[in-house]
Amino acid sequence: MELRLPDDVRLHVTVTGPVDAEVTVLLLHGWTLDGRSWHRQLADLRERFGDRVRVVAYDARGHGRSSCLALPDATLAQLGDDLAAVVDEFAPSGPVVLVGHSMGGMTVMEYAHRHPDRFAARTAGLVFVSTTAEGHTHTAYGLSPRITRLIRLAETTGAGVLARCGGWRPPHALLRALRPSIRWMLFGDRCDPADIRLVTSAVARATLRSIGGFRASIGAQHRLETLAALGGLPAAALVGDRDRLTPPPCAESIAAALPTAELTVCPGAGHMLMMERPDVVNAAVAGVVSRVLTGGRTAGKRVGTAG
């Protein structure tokens, strides 16, 4: 399916389940990825809940099969507005559970910040996977402060160059050469070869304007106050203890701001939790969805680890 936005950007949207399902789950992918990163969660939701749940996954503007964007629109604020449009179009009624990975989680926060009334009226549950509400505050890549500063300088400079490259996409030969670096940056102790191929394929579909353009907004966003105002929604926050981009302090601060959030730290896992620990992520999403289906609230915080 396709959703044409007011600025003529076209979003590629995948929908399973009936429009009158009891709950709609929206899956939001991370920076440079696309909706395929959720394929294991989509399959699990269909198997667990059948037609009781509608599942919507879409490629963010400038990513995957969605169309390119103007450089000034490469912001989390714009992504928050896009999410509002997707909810209105594909989940016109009933409760919604928002599941965001990395940039997708930040998009959820921006939606809550920019559209608080609409968010409050529709959102019944939240799952944050390997994301942050504090920009690059905790991002150290698992390296020393000096090396981190050098990498961030190079990354910021490079992002500015890429942002001006328009709708071009990364050359496949370059991505093949960078595959070991992508594996190191995004995955933990173990990595299924099929997963690194999928991730590399997703990066190949993202426009250079998107890869570079969103970097500044992602690094600058701070939304802990927004999260603290969300009340008693059933929620979960998950992170891998080998995550080099959004390390455990990112999830810990989200869980502290959301008193009802269940925090799970996965030993040995990196940034791609939905691929590295699908059973853990599936269980967290299903747990929130089940509480929404039964009209329940989360009684209190639980903190744990999952292998």
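For every chain, the first residue of its written sequence is number 1, and the numbers climb from 1 along that sequence. Where local features are concerned, this predicted model is filtered to residues with pLDDT of at least 70; where side-chain atom pairs are given and counted, the filter is 80 or more; whole-chain, interface and lining totals use all residues. Processing note: side-chain calculations cover all non-hydrogen atoms of the structure and skip hydrogens and water entirely.

Going by the annotation in an unreviewed UniProt entry, the name recorded for the chain is Alpha/beta hydrolase, with Micromonospora robiginosa given as the source organism.

Caption draft 1: Here's a closer look at the side chain of Asn-282. Each helix corresponds to a stretch of at least 4 residues labelled H or I by DSSP, and each strand to a stretch of at least 2 residues labelled E; elements are numbered beginning at the N terminus. Take Asn-282: it is sitting in helix H13 (residues 278-293). For each residue, the accessible area found with a 1.4 Å probe, counting protein chains only, is set against the maximum for its type, and the residue is called buried under 20%, exposed over 50%, and partly exposed in between. With a relative accessible area of 8%, Asn-282 lands in the buried category. Apart from the residues within four sequence positions on either side, Asn-282 is in contact with Arg-40, Gln-41, Asp-44 and Arg-48. Contact definition: two residues touch when any of their heavy atoms are within 4.5 Å.

Caption draft 2: Representation of the environment of Pro-6. Its location among the elements puts Pro-6 in the loop between strand S1 (2-4) and strand S2 (10-16). Separated by 76 residues in the primary sequence, Pro-6 and Asp-82 place their C-alpha atoms 9.7 Å from one another.

Caption draft 3: Fine view of the pairing of strand S7 (residues 235-240). Burial of S7 is extensive: six of the six residues sit out of reach of the surface. Neither face of S7 is open: one carries Ala-235, Ala-237 and Val-239, the other Ala-236, Leu-238 and Gly-240, and all of them are buried. Pairing between two strands is assigned when DSSP locates at least 2 bridges connecting them. Examined bridge by bridge, strand S6 (residues 123-129) and S7 share four bridges and lie parallel to one another. Its bridge partner being in S7, Phe-128 is matched across the sheet by Ala-237. Summarising the sheet, S7 and strand S8 (residues 261-266) pair through six bridges and their orientation is parallel. Each residue of the ladder has a partner; that of Leu-238, found in S8, is Thr-264.

Caption draft 4: Structural view of helix H2 (residues 76-90). In this model H2 runs 21 Å from its N-terminal to its C-terminal C-alpha over 15 residues, within 8% of the 21 Å that 1.5 Å per residue would give. Those residues of H2 that sit buried are Leu-76, Gln-78, Leu-79, Gly-80, Asp-82, Leu-83, Ala-84, Val-86, Val-87 and Phe-90. Each helix should span, by expectation, one fewer than its residue count multiplied by 1.5 Å.

Caption draft 5: Geometry of unusual backbone geometry. The backbone of Ser-102 shows a phi angle near 55°, a positive value even though the residue is not glycine. Among the secondary structure elements, Ser-102 is positioned in the loop between strand S5 (96-101) and helix H3 (103-114). Positive phi is not limited to glycine here, since Ser-130 has a value of about 50°. Relative to the helices and strands, Ser-130 resides in the loop between S6 and helix H5 (145-163).

Caption draft 6: Layout of the environment of Arg-277. Among the secondary structure elements, Arg-277 is positioned in the loop between helix H12 (273-276) and H13. C-alpha of Arg-277 to C-alpha of Cys-266: the two residues are 11 residues apart in sequence and 7.8 Å apart in space. A polar side-chain atom of Arg-277 sits 2.8 Å from the main-chain carbonyl oxygen of Pro-267. Polar contacts, as counted here, are pairs of nitrogen or oxygen atoms within 3.5 Å of one another; within protein the pair requires one atom able to donate a hydrogen and one able to accept it, and residues that are adjacent in sequence qualify only if both atoms are side-chain atoms.

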